[in-house]
Amino acid sequence: MPEHLKTFEHKKRNWVGKPLKRKEDLRLLTGRGTFMDDIRLPDMKHAATLRSPYPHAWIKGINVSEALNFPGVRGILTGEDVAKMSNPFPVGVPVPPKYYCCAIDKVRFVGEPVAVVVADDRYVAEDALDLITVDYEPLPVVMDIEEAMSPEAPVLHDNIGSNIYSHRFFQYGDMDKAYKEADLVVKGKFHFPKYGSTPIETYGVIASYNPFSEEFVIYNNYQGPFVNHSLVAIALGIPENKMRWIVPTDIGGGFGTKTGLYPSIALIALAAKKTGMTVKWIEDRREHLLASATGTDRVTYMEAAVKKDGTILGLKDKAIDNTGGYIRAPEPGCAYRSTGNHTGGYQIRNLDREVLVVGTNKCLTAPNRGYTCQELYFSLERMIDLVASELGMDTAEIRFKNFIQPDQFPYTTATGGIYDAGDYQKVFQMALDKIDYKKMREEQRKAREQGRLMGIGFSTVVDPSVTNIAYVTLALTPEERAKGHPKSGSGEAVIIKMDPLGKVHVIACTNPQGQGHDTVISQIVADELGVHPDDVTVSNVVDTHDRVYSITTGSYSSRFSSVVTTAVVTAARRLTEKMLKIAAHLLEANVKELEIQEGKICVKGSPDKSMQMRHVAGTAHWNQAALPEGMDAGLYETCLYTMPTSQPPDELDRVNSSNTYGFMAEAIVVEVDPETGEVKILKWASVHDAGTILNPALLEGQVMGSCAHGLGGSLYEEWAYDENGQCITASFQDYLVPTAMEVPKIDIGHVEIPSPITALGSKGAGESSCMSVPACIGNAIADALAPLGVTISELPLSPNKIWHLIQKAKKKR
């Protein structure tokens, strides 16, 4: 095993692995949470945003005079102000569009901000919006991904000259050889929809500006600070230490959408600066569904070179992502984030890729839970089933045929991903057993004899977590990267301190949104320090002025269970080492002779020769002269840990785009009503390898949530537009999300294959089934409709869409 994959010491656990109830629940369930809209500051004013009704238009003029004279209005910010007071946001493409936090001269999607009104309350601000007149000159629109690439398409950004933001080719292995050795080439085209995260709590910002210190103080519910603290500072034209970000204790859901660039942070900050007031803005639901962010919609052309026995020799694909009217950070990550795991759980050593990121007159994008992997796995897993169909193979058999074997780990993929640990066969077999696969195939045979449309679908996918930010630089060629500064990393910071009475305080910047971070940190620290979880307090309020963090800090990419827990363990062990040194000095013993037992530090074999941990802590704080010579006072340790596997891309464009790689297998049985197109889920097994399970109850919640999220993207959710560029799903009446009534019973299973590169062996699990469920449901419905000659190549599979597919197939027969 390579040196950087060294194994951490795994201690005996008393608390980790137990289903402790969340510490956070009492606060949240009794209404004592602190969310963005709970924050009230002195003399705070309120903002409302005027948004474009046009998808593409020149702004010929804005008249705000009547609105300025409206009682209660304190000021108005327009694009003209924004152009003078700020810079465009930076973005990592060779020729970036000029993207400001507000439209300057042209609008490029419905809902783009055009002006901001600041007033005594939100009601006044909203009323004043109606008094602003804007002279628009409408322009032609482009809504289709592939049409956007045409030279005849309307150009969104004149400085780019086309609608292509990023375009690259990649070659791994020898695809020409794979084609020559193949017995068959199977081709497919797939369309993944534009859908989002719809957190219960929408975006929110409170900003103020001190003209004397030239400093902004900005409250926001961002899942960071991550890289966006830097990007907003650049847009505002200030150094980062002049912008203080405060994220409240609680965030009402994020799911990735709150990790994309928040233009509203800069917009409200500029409104505060212009008016000289503290300004609060809370996004309403229509604004969120109209103009916040979604995942990218993608068109993929894929072909597989295969042998008659089912061996997949290579893949070739062309993926086209749509980021809307502009491209903003972390895009063009949509095209590159899944590079390391692009071939999934299969031994595919040859790959040719063409990737394009294009613009249309739709709203912008941000990560959506499972960032870019839903799109990848929908095409890859559908392709696996198409190959099986062409060869007359069982869809389970072909997966077993091509899986990476357990003795091959750590496994380096053709694209540079370093899979740390896994047993894909074991995970998949558990899923098959849970649905009683052989019996289900027999049930399907009987159903078809009766004319019923029953189908069985699988998806077996790798779950990448702890993003290595190096992947973003793949937007540049190796030659372009060589001219700049390398980027890499996945660091996270934790501080642990023990007070004079032996109680523990942990300070983290993980921005939880309900995952139970405080509870798990308490469990880990309790095990490491030999205390009770109730003796551990966790502070998770982010404040960039007094918290230790790195540019990768935040809650995204299922980072917590891998990199954060390793930082916690490392800091705790450093603290333990210091306590043992103090105790050894006071007990006149050798450090190696000491052990911690039930709140005491004892000499092994001599239980009478011991000290209470609180006495050690008291000495470190109250009797500093008694400490070993040269030792700092107090008990306080910090760890800013980054995964050693986070390296920049090499000259062949290979990159370990994530750091730990879990695995999941979905097995779903459905029945489709041929008269209505309605899909009924009969059985659903979801089996996961998330490494060491830290808290079974919390993991169960994460898996259930990700399954529901994936279900939405499979059957219900789509940010839809008409041909004129108008969003037709800007309310929950039109944008359907699954409720508890639509989520069926799910049989969840776990296989624990510990990671050798995390302190506890844990891997990510927060996104998991979001990536695998859309492909699995697509495969199940395809299997159900196969007797009719229906092919599934797009989502969501609403009853209306399925019914039309059935009718179209009937006409061909």
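It should be emphasised that the depicted structure is a prediction, and the values quoted were computed from it without experimental measurement.

1. So, empty space enclosed by the protein
- The full count for this structure, using the stated rule, is four cavities of 30 Å³ or more.
- Put simply, the largest cavity is a space of about 160 Å³.
- Forming the walls of the largest cavity are 17 residues, and the residues nearest its centre are R51, P113, P263, A291 and R328.
- As a volume, the second largest cavity reaches approximately 40 Å³.
- As for the second largest cavity, its lining consists of G295, T296, C334, A366, N368, Y371, T372, Q374 and E375.
- Grouping the constituent residues of the lining of the second largest cavity by class yields three nonpolar, five polar and one charged.

2. Here's the deal with the domain arrangement of the protein
- Domain boundaries in the protein define domain 1 (25-33 + 491-641), domain 2 (36-141 + 203-284) and domain 3 (372-467 + 657-812).
- The distance between the C-alpha centroids of domain 1 and domain 3 comes to 40 Å.
- Contacts between the two partners involve 17 residues from domain 1, matched on the other side by 18 residues from domain 3.
- Three residues stand out in domain 1 for area buried against domain 3, namely S557, S558 and S562, and they jointly supply 35% of the buried area on that side.
- The interface formed by domain 1 and domain 3 includes zero salt bridges.

3. Notes on the sheet that holds strand 18 (residues 453-465)
- In spatial order, the strands read 18-27-28-29; together these four strands make up an open sheet with mixed pairing. Taken across any chain shown, the strands that pair with only one partner, and hence form the sheet edges, are strand 18 and strand 29 (747-750). Within the sheet, the average angular offset between the axes of one strand and its neighbour, ignoring direction, is 15°.
- With ten bridges joining them, strand 27 (residues 660-672) and strand 28 (residues 679-689) adopt antiparallel strand pairing. Pairing of I668 across the sheet is with W684, part of strand 28.
- On top of the sheet, helix 13 (residues 424-435) reaches strand 18, strand 27, strand 28 and strand 29; it is set at about 150° to strand 28, its chief contact.

4. Notes on the packing of helix 16 (residues 517-529) against helix 17 (residues 560-587)
- Taken N-terminus to C-terminus, the directions of helix 16 and helix 17 make an angle of 35°; their axes are 9 Å apart at the nearest point. Considering how the two elements wind past one another, helix 16 and helix 17 form a crossing that is right-handed. Across the interface between the two elements, H517, V520, I521, I524, V525, E528 and L529 of helix 16 pack against F560, T565, V568, V569, A572, R573, L575, T576 and M579 of helix 17.
- In the contact of helix 16 with helix 17, the residues fall into eleven nonpolar, three polar and two charged.

5. A look at the packing of aromatic side chains
- Counted under the stated rule, the structure contains 26 aromatic pairs.
- With a centroid separation of 6.1 Å and 75° between ring planes, the pair formed by F403 and Y424 is classed as edge-to-face. You can see F403 sitting in the loop between helix 12 (395-402) and strand 16 (411-412) and its partner Y424 sitting in helix 13, a full 21 residues away along the chain. Take F403 and Y424: they sit in the same class, and that class is buried.
- Following the ring pairs from residue to residue traces out a cluster consisting of Y346, F400, F403, F409, Y424, F428, Y437, F458 and F663.
- Its guanidinium or amino end placed over the ring of W58, K106 lies 5.0 Å from that ring's centre, counting from NZ or CZ.
- When the ring centre of Y209 is taken as reference, the NZ or CZ atom of K273 above it lies at 5.1 Å.

6. Quick notes on the pairing of strand 28
- Taking burial as the measure, the eleven residues of strand 28 include eight buried ones, the bulk of the element.
- What sits between the antiparallel neighbours strand 27 and strand 28 is a turn of six residues, in which G677 has the positive phi angle 80°.
- Of the strand pairs in this sheet, strand 28 and strand 29 are connected by four bridges, and their pairing is parallel. Residue pairing in the sheet places V687 in a bridge with G749 of strand 29.
- The parallel pair strand 28 and strand 29, bridged by helix 19 (residues 696-716), forms a crossover whose chirality is right-handed.

Procedures and definitions
Residues numbered from 1 in each chain as written. Predicted model: local features only at pLDDT ≥ 70, side-chain atom pairs only at ≥ 80, totals over all residues. Heavy atoms only, no water. 1 Å grid on protein atoms, 1.4 Å probe; cavity = no way out; pocket = protein on both sides within 12 Å on 5 of 7 lines; lining within 4 Å. Points joined across faces, edges and corners; volume = space filled by probe spheres on them. Nonpolar A, V, L, I, M, F, W, Y, C, P; charged D, E, K, R; others polar. Domains from an automatic or database assignment. Contact = heavy atoms within 4.5 Å. Buried area = accessible area lost by both parts, 1.4 Å probe. Salt bridge = Lys/Arg side-chain N within 4 Å of Asp/Glu carboxyl O. Pairing = 2+ DSSP bridges. Helix = DSSP H or I, 4+ residues; strand = E, 2+ residues; numbered from the N terminus. Axes fitted to C-alpha atoms, helices over the stretch in contact; angles between N-to-C directions. Left-handed = near helix turned anticlockwise from the far one by under 90°. Phe/Tyr/Trp six-rings, centres within 6.5 Å; stacked < 30°, edge-to-face > 60°. Buried < 20%, exposed > 50% of the residue type's maximum accessible area, 1.4 Å probe, protein only. Lys NZ or Arg CZ within 6 Å of the ring centre and 35° of its normal. Right-handed = clockwise from strand over helix to strand, strands pointing away.

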